[in-house]
Amino acid sequence: MLSSIYAALLALFIVRLSLGVIKLRRTEKVSLGDGGVTALQNAIRAQGNATEYAPISLILLILLELNGGHVLLIHLGGITI
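Attention in this report is confined to the structure presented alongside it. All values reported here derive from a predicted model rather than from experimental measurement.

What follows deals with the side chain of S3. Looking at where S3 falls in the secondary structure, it is placed in helix α1 (residues 2-28). Of note is the side chain of S3, whose polar atom sits 2.7 Å from the side chain of E65. Apart from residues lying up to four places away in sequence, S3 is in contact with L58, L61, I62 and E65.

The subject of this paragraph is the packing of α1 against helix α2 (residues 38-66). For any two helices packed against each other, the geometry comes down to the angle between their axes and how far apart the axes lie. Two numbers describe how α1 lies on α2: the axes approach to 9 Å, and their chain directions differ by 170 degrees. Between α1 and α2, the crossing angle belongs to the class labelled roughly antiparallel.

This paragraph deals with the nonpolar core. A general tendency of soluble globular proteins is for nonpolar side chains to be buried together. Grouped together as the largest cluster of nonpolar side chains are 6 residues: L10, I14, L17, A50, A54 and L58. Broken down by secondary-structure element, the contributors of at least two residues to this core are α1 and α2. Contacts of A54, omitting those with residues within four sequence positions, involve L10, I14 and N49. Membership of the second largest hydrophobic core comes to 5 residues, among which are V21, V37, L40 and A43.

A word on the pattern of salt bridges. On inspection of all chains with the given rule, the structure shows 1 salt bridge. Of the charged contacts, one joins R45 and E52 as a salt bridge, the two residues approaching to 2.8 Å between their closest N and O atoms. Judged by its relative accessible area of 40%, R45 is partly exposed.

What follows deals with the environment of T51. Assignment of secondary structure puts T51 in helix α2. Note on T51: relative accessible area 40%, which makes it partly exposed. For the pair T51 and L10, spaced 41 residues apart in sequence, the C-alpha to C-alpha distance is 9.4 Å.

Further remarks concern a nonpolar patch on the surface. A grouping of M1, Y53, I56, I59, L60, I62, L63 and L66 is seen on the molecular surface, where their side chains present a nonpolar patch of about 820 Å² in accessible area. Its place among the elements puts L60 in helix α2. Residue classification places L60 among the exposed positions, given a relative accessible area of 51%.

Okay, α2 next. The terminal C-alpha atoms of α2 lie 42 Å apart, and with 29 residues this matches the ideal 42 Å at 1.5 Å per residue to within 8%. Its axis deflected by about 30 degrees at A54, α2 carries its strongest bend there, up to four residues before the proline P55. If you follow the buried residues of α2, they end up packed against α1 and α3 (71-80). G68 occupies a position one or two residues after α2 and carries a positive phi of about 80 degrees.

Criteria and cut-off values
Residues numbered from 1 in each chain as written. Predicted model: local features only at pLDDT ≥ 70, side-chain atom pairs only at ≥ 80, totals over all residues. Heavy atoms only, no water. Helix = DSSP H or I, 4+ residues; strand = E, 2+ residues; numbered from the N terminus. Polar contact = N/O pair within 3.5 Å; in protein donor to acceptor, adjacent residues only side chain to side chain. Contact = heavy atoms within 4.5 Å. Axes fitted to C-alpha atoms, helices over the stretch in contact; angles between N-to-C directions. Parallel < 35°, antiparallel > 145°, perpendicular 65-115°, else oblique. Core = buried A, V, L, I, M, F, W, Y, C linked by side-chain atoms within 4.5 Å. Buried < 20%, exposed > 50% of the residue type's maximum accessible area, 1.4 Å probe, protein only. Salt bridge = Lys/Arg side-chain N within 4 Å of Asp/Glu carboxyl O. Patch = residues over 30% accessible without salt bridge, like charges linked within 9 Å, V, L, I, M, F, W, Y side chains within 5 Å. Areas by Shrake-Rupley, 256 points an atom, 1.4 Å probe, with all protein chains shown as cover. Expected span 1.5 Å × (residues − 1). Bend = angle between axes of the 7 residues up to and from the residue.

Structure, rendered in structure tokens:
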């Protein structure tokens, strides 16, 4: 399945975003919330957006693939996620 490639890439991307949040939390010594630190707020929101939109995007990509969508269309969808 082509969509599994994009699922794996998205998982790695979300791990990278999570590690960025962890690094900023340690640097700024903020254990809960955002501590009013703009960079941490942005990192938290980026991670949140990825975890909110990635699942539905992957579900739609998988449905496209299962319904016989053209390979180029599947790749185009995967790249734009």
